[in-house]
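Fold and geometry: a report
This is what each chain is made of:
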Amino acid sequence: MSLTLFSNRSPLPLFKRPLLTVVITALIATVSVTGCSSPESNDSEPADANTENPTADAASNVANNDAVSAQTVSVDTVKGKVDLAINPSPFVVYDMSLLQDLAALDVAVDGMPSNLRLDNLQAKTQPEPKSVGTVFEPDLEALNAMKPQAILVGSRMAEKYDALSSIAPTLDMTIDTTKIYESSKQRLHDLGALFGKSDQAAKLQGDIDSLIDETKVLTKDKGTGLVVMVNGNKMSAYGEKSRFGFIHTVLGVPMANNQIKDASHGQPVSFEYLQKTNPDWLFIIDRSAAIGEDGAGAKAVLDNPLVAQTNAWSKDQVVYLSPDSYLAFGGYYQWIKDLTTIKDAFAAAK
């Protein structure tokens, strides 16, 4: 569009030239804009829009659990899969092993039971949580006032599931003691997903798995074991399907007696039983100490002439498990504490 377009015409009057310039400029601008536009451009949907339902594992991890998200995650519970919005707030927890996992994930809990004896149940950044009853009995009035978006329960509170479900979505995340490793691993994974901390959950599980591998190397071919709970002057033994069965099923320590009856409180046993069974290793849970009862401790109770005749006692191969093993079995800190204790004991064996 040069001057040659108008070479055969008379020159335009001077007052009309600015108007021609404006028209030509507008035409050029229109052509340029049309040429640069993409026919695929669409204001209604981004080019990289994801039409699939988002999952918690695909979500970015967040620094705390205060963020509000429209995403949901499917959580494995005793009642089946439950879909719940990521980062429910506020939320309540009625189980010490769940509290251990959440503390390790640095997730602040809004409501929890009072009078808990363990010191590893709260996140480092945890503000003071509201008391919502005990691990056995919920405070329904406090719960209704809080209006939680989710309630997480475990073994001791599971029987209150129906009452709690009438207040808020309730997840029964009780660990399956017959496969305690797999069950606790799934639960830690689900908690990481639920609170946008899948990467941290994977790291914590890696800590557990590494200790298991290191301990299994030491326990191999080192003799039989027997798990015994001491409760005052009473004793009970536990088999591989109990909450303490990981010693046999995960760490590979053979049972000194594979006929132990499965029971939530173990099989009652005597000093004579310990002598006859004669385990190479004794794994002891001191229940009285764990719950703060007065009386003789497990070491004093087991200091008996019949027990002294066992290989475990004579070789100083008696391992005292943590209070966590009774109060928070399957929790992150329980795994770390007891695996470390067992590993060190076997490493020191003569």
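What counts, and where the lines are drawn
- Residues numbered from 1 in each chain as written.
- Predicted model: local features only at pLDDT ≥ 70, side-chain atom pairs only at ≥ 80, totals over all residues.
- Heavy atoms only, no water.
- Buried < 20%, exposed > 50% of the residue type's maximum accessible area, 1.4 Å probe, protein only.
- Helix = DSSP H or I, 4+ residues; strand = E, 2+ residues; numbered from the N terminus.
- Expected span 1.5 Å × (residues − 1).
- Arc of directions from axis to C-beta.
- Pairing = 2+ DSSP bridges.
- Phe/Tyr/Trp six-rings, centres within 6.5 Å; stacked < 30°, edge-to-face > 60°.
- Axes fitted to C-alpha atoms, helices over the stretch in contact; angles between N-to-C directions.
- pLDDT = per-residue confidence, 0-100.
- Contact = heavy atoms within 4.5 Å.
- Parallel < 35°, antiparallel > 145°, perpendicular 65-115°, else oblique.
- Left-handed = near helix turned anticlockwise from the far one by under 90°.
- Nonpolar A, V, L, I, M, F, W, Y, C, P; charged D, E, K, R; others polar.

With nine of its nine residues buried, helix α2 (residues 96–104) lies for the most part within the structure. Residues Met96, Ser97, Leu98, Leu99, Gln100, Asp101, Leu102, Ala103 and Ala104 constitute the buried set of α2. Immediately downstream of α2, the backbone of Asp106 shows phi near 60°, a positive value.

With 16 residues, helix α13 (residues 332–347) should reach 22 Å at 1.5 Å per residue; the first-to-last C-alpha distance of 22 Å fits that figure. Inspection of α13 places Tyr332, Gln334, Trp335, Asp338, Leu339, Ile342 and Phe346 among the buried residues, and these make up the whole buried set. All buried residues of α13 fall inside an arc of 150° around its axis, so they share one side.

Most of strand β9 (residues 234–238) is tucked away: four of the five residues are buried. Sheet topology note: the strand β8 (residues 225–231)/β9 ladder contains five bridges and is antiparallel. Considered in β9, the bridge of Met229 is made with Ser236. Between β8 and β9, which pair antiparallel one after the other, the connecting turn spans two residues, and Gly232 there sits at a positive phi close to 70°. Here β9 runs beside strand β10 (residues 267–269); their pairing, made up of three bridges, is antiparallel. Residue pairing in the sheet places Ser236 in a bridge with Pro268 of β10.

Take the packing of aromatic side chains next. Under the defined criterion, the tally for this structure stands at seven aromatic pairs. With centroids separated by 6.3 Å and ring planes inclined at 85°, the aromatic side chains of Tyr181 and Trp335 adopt a geometry described as edge-to-face. Of this pair, Tyr181 sits in helix α5 (residues 180–194) while Trp335 sits in helix α13, and the two are 154 residues apart along the sequence. Comparing Tyr181 with Trp335 shows no difference in burial state: the two are buried. Look at Phe283 and Phe346: their rings are 6.4 Å apart centre to centre, the planes differ by 15°, and that puts the pair in the stacked class. With a gap of 63 residues between them, Phe283 in strand β11 (residues 281–286) and Phe346 in helix α13 connect regions that are remote in the sequence.

The strands making up a sheet associate through backbone hydrogen bonding, with each pair oriented either parallel or antiparallel. The strand order across the open sheet formed by five strands is β10-β9-β8-β11-β12, and the pairing between neighbours is mixed. The open sheet has two edge strands, β10 and β12 (318–320), and neither has a second partner. Averaged over all pairs of adjacent strands, the angle between their axes in this sheet comes to 35°, without regard to strand direction.

The pLDDT averaged across the chain works out to 84; a share of 80% of its residues lies at or above 70. Across residues 1–69, confidence stays below pLDDT 50; counting only partners more than four residues off in sequence or on other chains, it has 44 contacts.

Axis separation between α5 and helix α6 (residues 198–219) bottoms out at 7 Å; the angle between their running directions is 155°. If you check the angle between α5 and α6, you find them roughly antiparallel. For the element pair α5 and α6, the recorded crossing hand is right-handed. Taken together, the residues of α6 that come into contact with α5 (itself represented by Tyr181, Lys185, Leu188, Gly192 and Ala193) are Ser198, Ala201, Leu204, Gln205, Asp209 and Ile212. Split by residue class, the contact of α5 with α6 holds six nonpolar, three polar and two charged.

Moving on, we come to unusual backbone geometry. In this structure, the amide linkage connecting Ser89 to the following residue, Pro90, adopts the cis form with an omega of 0°. Mapped onto the fold, Pro90 is located in the loop between β2 (80–85) and β3 (91–94). Of note in the backbone geometry, Asp106 takes a positive phi value of approximately 60° without being a glycine. A positive phi is found at Asn115, a non-glycine position, where the angle reads about 60°. With respect to the secondary-structure elements, Asn115 resides in the loop between β4 (111–112) and β5 (130–131). The exposed category is assigned to Asn115, whose relative accessible area is 73%.

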